[in-house]
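A closer look at the structure
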Amino acid sequence: PRGVYIPTFQKAISSDTLLQQENTKPYVDGFFLSRTWSQIETSPGTYNWTSLDEDIQTVAAAGKKASLAIGAGAQSPPWICNGTTDGGPHAECITLIIQPFSNTTGTTTACNRQLLPLPWDPVFQADFAGMVTALGAHVAGNATWRSTLVLVKVTGINDTTEETILPSQKGGTTTCTSGDACTGGKCAKTDTLAALKAAGYTDASATMALLAFAGDFRAAFTGLPIGSQVSGDLPSPGTDSLPLVLAKAFVGAPSLRPITVQDNGLAATTGVDPGTLFALEAGVPVGYQMLAGVSGDTRCEMGRGLGPDGGTVPCTEAVLIDAINNGIDKGGARWLEIYEADVNAYPDAATYAHSKLVGP
């Protein structure tokens, strides 16, 4: 992909007014389409592609391109953990008590139980590979998909998004007001890293799982770039090194080419993530998604309505342009994913990014 892409965050374009508006803008080059695994495989081997097909038709009709990801992790179908309808085996899963992150406020008072399939479990890997194979066959058999899709992001090691990330919440008791794990106003949060380690998590098990998933995607999408959507929050026993370990393994596997790497969390002031830098130095094209704290100040978060005064004043267009320049000039970006709210609020910044990445 190249240019300005809008992440849809598991929403259908037809159901979102801003996404419909952006589909007509000349400085929007494409859309990142995403769904959860549970949304598209409603029972073992039964797939519903209708919503995604409608999105790709909409994008293609506007002359745009698309990238695609199907998130797993806690958004896997429930039968993955509970056994298949035909009595087949189920994957090994762990139950976590989580206070989920809020895109609006950054925190939440809910306390929920979350089932997480273990990415290194062979049953989970086999079931996931079946979905990837079916998705690849569907894309290959549809002319609009073939002409419009430019990137498929490797998933399988996920929490609640499509990012290559596992839960990284620290344990402890905190207050809560809702959720199925909120008891007497208290939430006994799981130490997720300890729980993952007890269930077999190591750098090696995570790396082998990622390479297995990447191999599934490579086989299913012949000739199309596959991409790793990295995040710096993926836990590693005693270190923060795993994102770099995964990046080196992914970039260093010639059988996976062509590949790309996407870094989530581009800011206006920070440097390039070590894993992304490794990809750049290896000649792998990279892109960035602008998430929280693009100003370097966590109170200023693009796309979330938060501002430097603590939440009532949005971040400025100048901050967004600084982040764009950081991604392109320092980070070697081929494409940028920018929140729909920011593209809508700051069309001059989006036009600037499009011009620098694609041309006038």
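Residues numbered from 1 in each chain as written. Predicted model: local features only at pLDDT ≥ 70, side-chain atom pairs only at ≥ 80, totals over all residues. Heavy atoms only, no water.

As for the overall build of the protein
Stated precisely, the cut-off is as follows: By definition, any uninterrupted DSSP run of H or I lasting at least four residues is a helix, any uninterrupted run of E lasting at least two residues is a strand, and each is numbered from the N terminus. For every residue, the accessible area (1.4 Å probe, protein chains only) is compared with the maximum for its type, and the residue is labelled buried under 20%, exposed over 50%, or partly exposed between those bounds. It only takes one pair of heavy atoms within 4.5 Å for two residues to be counted as in contact. Note that accessible areas follow from Shrake-Rupley with a 1.4 Å probe, and for residues the cover is restricted to the protein chains shown.
Of regular secondary structure, the protein possesses 13 helices and 14 strands. Burial status across the protein gives 51% buried among its 360 residues. At a minimum sequence separation of 6, the contacts of the protein that also span at least 24 residues come to 74%. Accessible surface, the protein as shown: approximately 14200 Å² in total, 54% of it carbon and sulfur.

Topic: the sheet that holds strand β8 (residues 149-154)
Paired through their backbone hydrogen bonds, the strands of a sheet run either parallel or antiparallel. Here is the rule we go by: Pairing between strands is defined by DSSP: at least two bridges between them are needed. Lines fitted to C-alpha atoms define the axes here, with helix axes fitted over just the stretch in contact, and angles between the N-to-C directions of these axes take values from 0 to 180 degrees.
Spatial ordering of the closed barrel is given by β1-β2-β5-β8-β11-β12-β13-β14, a layout of eight strands whose pairing is parallel. Averaged over all pairs of adjacent strands, the angle between strand axes in this sheet comes to 25 degrees, irrespective of strand direction. Sheet analysis places β8 next to strand β11 (residues 226-230), joined by three bridges and oriented parallel. Looking at β11, one finds that V152 is bridged to I226.

Looking at the nonpolar core
To be explicit about the condition: What makes a nonpolar core is a set of buried Ala, Val, Leu, Ile, Met, Phe, Trp, Tyr and Cys residues whose side-chain atoms join them at distances within 4.5 Å.
Grouped together as the largest cluster of nonpolar side chains are 82 residues, with contacts concentrated most on L33, F221, F250, I324, L336 and I338. One finds I97, C176, A181 and C187 within the second-largest nonpolar core, a separate group that totals five residues.

Description of the side chain of S228
Note on placement: S228 falls in strand β11. Looking at S228, the relative accessible area reads 6%, which means it is buried. Setting aside residues up to four positions removed in sequence, S228 forms contacts with T164, F250, T260, V261 and Q262.

With respect to the packing of helix α11 (residues 317-330) against helix α13 (residues 347-357)
To be explicit about the condition: Any angle that is under 35 degrees is reported as roughly parallel, and any over 145 degrees as roughly antiparallel; angles of 65 to 115 degrees are reported as roughly perpendicular and all others as oblique. By convention the crossing between two helices is left-handed if the near helix lies anticlockwise of the far one by an angle smaller than a right angle, and right-handed if it lies clockwise. Nonpolar residues are Ala, Val, Leu, Ile, Met, Phe, Trp, Tyr, Cys and Pro. Charged residues are Asp, Glu, Lys and Arg, and all others, Gly as well, are polar.
Interhelical geometry of α11 versus α13 gives an angle of 15 degrees and a closest axis separation of 9 Å. If you check the angle between α11 and α13, you find them roughly parallel. Of the two elements, α11 crosses α13, and the hand of that crossing is right-handed. Between α11, through E317, L320, I321, I324, N325, I328 and D329, and α13, the contact on the second element is made entirely by P347, D348, A349, Y352, A353, K356 and L357. Classifying every residue of the contact of α11 with α13 by side-chain character gives nine nonpolar, one polar and four charged.

Thoughts on the state of the cysteines
Applied cut-off: Criterion for a disulfide: a pair of cysteine sulfur atoms within 2.5 Å.
Scanning the entire structure with this criterion turns up three disulfides. Here C81 connects covalently by a disulfide to C93, the sulfurs 2.0 Å from one another. Here C81 and C93 share a disulfide; its torsion about the S-S bond, -95 degrees, makes the bridge left-handed. Highlighted residues: C81 in helix α4 (residues 79-82) and C93 in strand β6 (residues 93-98), separated in sequence by 12 residues. Look at C81 and you get buried, because its relative accessible area is 12%. Here C176 pairs with C182 through a disulfide, and the sulfurs are 2.1 Å apart. With the S-S dihedral at roughly 95 degrees, the linkage between C176 and C182 falls on the right-handed side.

Remarks on the pattern of salt bridges
Quick reminder of the rule: Any carboxyl oxygen of Asp or Glu within 4 Å of a side-chain nitrogen of Lys or Arg constitutes a salt bridge here.
All told, the structure shown has five salt bridges when counted by the stated rule. Here K11 ties to E340 by a salt bridge, and the two come within 2.4 Å at their closest N and O atoms. In this pair, K11 is assigned in the loop between β1 (3-7) and α1 (17-22) and E340 in helix α12 (residues 340-345), connecting sequence segments 329 residues apart. For K11, a relative accessible area of 28% gives the class partly exposed.

Points about the packing of helix α5 (residues 122-140) against helix α8 (residues 203-220)
The relative placement of two packed helices is expressed as an angle between their axes plus a distance between the axes. Axis separation between α5 and α8 bottoms out at 8 Å; the angle between their running directions is 25 degrees. Taken together, the axis directions place α5 and α8 in an arrangement best described as roughly parallel. Crossing of α5 over α8 shows right-handed handedness. Contacts from F124, Q125, F128, A129, V132, T133 and G136 in α5 reach A209, A212, F213, D216, F217 and A220 in α8.

Concerning the side chain of T190
Going by this rule: The term polar contact refers here to a pair of N or O atoms within 3.5 Å; inside protein, the definition further demands a hydrogen-donor-capable atom paired with an acceptor-capable atom, and it admits residues adjacent in sequence only when both atoms are side-chain atoms.
Within the secondary structure layout, T190 lies in the loop between β10 (186-189) and α7 (192-198). Among the residues examined, T190 registers a relative accessible area of 17% and is labelled buried. At a separation of 2.8 Å, a polar atom in the side chain of T190 contacts the main-chain amide nitrogen of I97. Every residue in contact with T190, bar those within four places of it in the chain, is listed here: L96, I97, Q169, K170, G171 and A195.

Comments concerning α13
The periodicity of an α-helix, 3.6 residues per turn, causes residues three or four positions apart to be oriented the same way. To keep it simple, the criterion reads: Working note: the arc is built from the helix axis to C-beta atom directions.
What α13 keeps buried is the set A349, A350, A353, H354 and L357. The arc enclosing the buried residues of α13, seen along the axis, measures out at 135 degrees, which places them on a common side. Contacts made by the buried residues of α13 are with β1, α11, β14 (333-337) and α12. After α13 finishes, the residue G359 shows a positive phi value of roughly 115 degrees.

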